[in-house]
Amino acid sequence: MSELIRPRVLLDGLAYVESPRWHDGRLWFAHWGAGEIVAVDPEGRAEVVAAGPDGLGWSFDFLPDGRMLVTGERLLRHEPDGTVVPHAEGVGGAEIVVDGAGNAYVNGFAFDFLGGDAPSPGWIDLVRPDGEVRRVAEGLRFPNGMVITPDGRTLLVAESFAGCITAYDVDADGGLSGRRTWADGLGPDGITLDAAGAVWAHAAKEPGATGGDVCVRVLDGEVTHRVPQEQFGFAAMLGGPDGRSLFLCDADWRGVEGVESALADRTGRILVADAPEPRAGWPGG
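Residues numbered from 1 in each chain as written. Predicted model: local features only at pLDDT ≥ 70, side-chain atom pairs only at ≥ 80, totals over all residues. Heavy atoms only, no water.

**Examining the sheet that holds strand 25 (residues 268-274)**
Working step 1: Here we have four strands laid out as an open sheet, ordered 2-25-24-23, and antiparallel in their pairing. If you trace the sheet from one side to the other, it starts and ends with strand 2 (8-14) and strand 23 (232-239), each paired once. For this sheet, the mean angle separating the axes of adjacent strands, direction not counted, is 20°. (Pairing = 2+ DSSP bridges. Helix = DSSP H or I, 4+ residues; strand = E, 2+ residues; numbered from the N terminus. Axes fitted to C-alpha atoms, helices over the stretch in contact; angles between N-to-C directions.)

The following block contains the structure:
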């Protein structure tokens, strides 16, 4: 029997909220539709900390030295003096995770999701600290959030259209091999990893189900905890001073045809709940 945890609202009145990262004592997140990156502290005080791309479908993460990488049509790097420069040529995409050595994994897909195109397989590109770019995985069904285990040896990626989390071994040169299913029966988007090796991800809805989403903690294929949400869940991230705060991004999803109205109505929120285990691995803090 899984344990029920009730969340509370930390911040609301937002557009779409995605790509949460615990960094430098605050939760940072992509504010889709507003073209900005926002940071909020545990008391709910928020500020815009950087500009982001227009539109939807981009994310960000941090290099080991604290510089920020932002995805989109190009992979850009934010320098300490505020300048923004290309991090690597020929790389664009959606989600990103950076490991402790500065390897950036960027995933993407080539169809127009909001335009209603038929899905096509997605990929993961590796960007090494020396600027080398290499495709390390293909054939993914809408790759989404990614995490890397604390030992740096396993990368997990949410395949939203497959309803599963897929695992890869991370090779010595940063390549990915040994593809396998880590957990299925989910509706995963942005995911986060804890110190016990469990992943928080959003669950698949039962046929005909209505109402909001539920974020679940999956350990060894079993759901141990669940956090109900009133709206559609976009992502989860563990953080807080002790790493045990589970931050959830949600908003009213009205389908691709209702994106503009949902953005205008500012239904986006950041929720927070108490988690049983602290964050581990990457994205880091």
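That shown, we press on.
**What about the nonpolar core?**
Working step 1: Formed by 32 residues in total, the largest nonpolar core has its most connected members in Y16, F29, I37, F60, M68 and I270.
Working step 2: A total of five residues in this core trace back to one element, the largest contributor, which is strand 4 (residues 26-32).
Working step 3: Sequence-distant contacts of I37, that is, excluding residues within four places in its chain, are made with W28, F29, E47, V48, V49, A50, A51, G52, W58, F60, M68 and V70. (Core = buried A, V, L, I, M, F, W, Y, C linked by side-chain atoms within 4.5 Å. Buried < 20%, exposed > 50% of the residue type's maximum accessible area, 1.4 Å probe, protein only. Contact = heavy atoms within 4.5 Å.)

**Some words on the pattern of salt bridges**
Working step 1: Scanning the model with the defined rule gives 19 salt bridges in all.
Working step 2: In this structure, R45 and D41 form a salt bridge, with 2.8 Å as the shortest nitrogen-oxygen distance.
Working step 3: Here R45 falls in the exposed class, since its relative accessible area comes to 54%.
Working step 4: Close ionic contact of D252 with R254 constitutes a salt bridge, the shortest N to O distance being 2.9 Å.
Working step 5: On the accessibility criterion, D252 (28% relative accessible area) is partly exposed. (Salt bridge = Lys/Arg side-chain N within 4 Å of Asp/Glu carboxyl O.)

**Topic: the state of the cysteines**
Working step 1: This structure, assessed with the given rule, holds zero disulfides.
Working step 2: Cysteine C164 remains unbridged, with the sulfur of C215 as its closest cysteine sulfur at 17 Å. (Disulfide = S-S within 2.5 Å.)

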